[in-house]
Amino acid sequence: MIWGFMTPAHIITLILAAVMNVALYYLLRNKSQKTQTLVLLPFSLLGIAAIIYNLLMWDAPLSYLPLHLCSINAILLPIVVLTRNKTLGNLLLVWCLGALAAIVLNFEMVNVELFSDVFFFYYFPHVFEFGVPILLFRLKLVEKDYKCIPSTLGITMVIYTFVHLMNKLINSCTDTHVNYMFSVEATNPLVAFFHSLIPVEYWYMYMVLPIVAAYLLAVYSPQILAKYRSGKQTVQ
């Protein structure tokens, strides 16, 4: 059976992704921080396992460098779990959307067989690259802080620009064509929509910013409003 897109199998795996992360929260919510960290750490390492798998499994290492957003997320995630770094934690709170998009908009993986190793090393890392950053905040292991919005946006743009330059370098110096973070060409319907609005490589992916802005507003608006009300009461 293949995974497919919005097939019964795909929909079941989306529901399962939510169930696994919610179950982890209820399992850990009354545990000590040490226990929470020890349990979340193996899940946070799945993405690194996937990077290693892809580099070793396929005879095309330049095509499987850890330069996609989810791969960089995978590298940073165990660091955040262990250090509880506020800046990186708030960054991954946004980057986790990429992992969610990867399992919902699985256009490049629709023909993958369920229960295959390829499916395992794609699906489960993305499930927890999405869920673990959120769990870190729900379990109060990392502090949510709206003051991290500038660093989140700045780091994201720097990383994206670096990845685009790597795309151009690899494509110009080798026979391999890469498109990390989709900065060179639109290879799925969502990215193609962005490209239709700004038909220029690199720049068209900045159409993601309105989505990110709406998400940041939803995430941080309660904290911002509470700070604003507290400031007003102090003045009075």
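Just so you know, these numbers come straight off a predicted model, no measurement behind them. (Residues numbered from 1 in each chain as written. Predicted model: local features only at pLDDT ≥ 70, side-chain atom pairs only at ≥ 80, totals over all residues. Heavy atoms only, no water.)

Q: What is the right way to read the overall build of the protein from this model?
A: Counting its regular elements, the protein contains 9 helices and 0 strands. Moving toward the C terminus, one meets the helices and strands of the protein in the order α-α-α-α-α-α-α-α-α. Oriented by its inertia axes, the alpha-carbon framework of the protein measures out at about 65 × 40 × 35 Å. Counting only residues that meet the buried cut, the protein has 38% of its 236 residues in that class. Sequence separation of at least 24 residues holds for 69% of the intrachain contacts in the protein that already meet a minimum separation of 6. With the model as given, the accessible surface of the protein reaches about 12700 Å², and the carbon-plus-sulfur share is 70%. Side chains of the protein carry 13 positive and 10 negative charges; the gap between the two charge centres is 28 Å. (Helix = DSSP H or I, 4+ residues; strand = E, 2+ residues; numbered from the N terminus. Buried < 20%, exposed > 50% of the residue type's maximum accessible area, 1.4 Å probe, protein only. Contact = heavy atoms within 4.5 Å. Areas by Shrake-Rupley, 256 points an atom, 1.4 Å probe, with all protein chains shown as cover. Lys, Arg positive; Asp, Glu negative; His and termini not counted. Charge placed at Lys NZ, Arg CZ, Asp CG, Glu CD.)

Q: When you look at the environment of glycine 154 in this model, what are you seeing that I'm missing?
A: Looking at the secondary structure, you find glycine 154 in helix α7 (residues 149-173). Residues glycine 154 and glutamine 33, spaced 121 residues apart in sequence, show a C-alpha to C-alpha distance of 30 Å.

Q: Looking at this structure, how should I read a nonpolar patch on the surface?
A: Taken together, the side chains of Phe5, Met6, Ile11, Ile15, Leu16, Val19, Leu105 and Leu190 make up a nonpolar region of the molecular surface, amounting to roughly 640 Å² of accessible area. Among the elements that make up the nonpolar patch, the one with the highest residue count is helix α1 (residues 8-28) (4 residues). Following the sequence through the fold, isoleucine 15 ends up in helix α1. (Patch = residues over 30% accessible without salt bridge, like charges linked within 9 Å, V, L, I, M, F, W, Y side chains within 5 Å. Salt bridge = Lys/Arg side-chain N within 4 Å of Asp/Glu carboxyl O.)

Q: Quick question: what am I supposed to make of helix α5 (residues 86-104) here?
A: A turn of α-helix holds 3.6 residues, and therefore any two residues three or four places apart point the same way. With 19 residues, α5 should cover 27 Å at 1.5 Å per step; its first-to-last C-alpha distance of 28 Å lies within 8% of that length. At leucine 93, α5 shows its strongest bend, of approximately 35°. Within the span of α5, buried status applies to Gly89, Asn90, Leu91, Leu92, Leu93, Val94, Trp95, Cys96, Ala99, Ala102 and Ile103. (Expected span 1.5 Å × (residues − 1). Bend = angle between axes of the 7 residues up to and from the residue.)

Q: Even after reading the chapter, I still don't get the packing of aromatic side chains, so can you show me in this structure?
A: Geometry of an aromatic ring pair is reported as the spacing of the ring centres plus the angle between the planes. Applying the stated criterion across every chain yields a total of 18 aromatic pairs. A centroid spacing of 4.6 Å and a plane angle of 45° characterise the contact between phenylalanine 43 and phenylalanine 128, whose relative ring orientation is tilted. In this pair, phenylalanine 43 is assigned in helix α2 (residues 33-44) and phenylalanine 128 in helix α6 (residues 117-138), connecting sequence segments 85 residues apart. Assessed through its relative accessible area of 26%, phenylalanine 43 is described here as partly exposed. We classify phenylalanine 128 as buried; its relative accessible area is 4%. Centroid distance phenylalanine 119 to tyrosine 123: 5.0 Å. Interplanar angle 10°. Geometry classified as stacked. Of this pair, phenylalanine 119 and tyrosine 123 both sit in helix α6, 4 residues apart, roughly one helical turn. Judged by its relative accessible area of 1%, tyrosine 123 is buried. Its guanidinium or amino end placed over the ring of tyrosine 25, arginine 138 lies 5.2 Å from that ring's centre, counting from NZ or CZ. (Phe/Tyr/Trp six-rings, centres within 6.5 Å; stacked < 30°, edge-to-face > 60°. Lys NZ or Arg CZ within 6 Å of the ring centre and 35° of its normal.)

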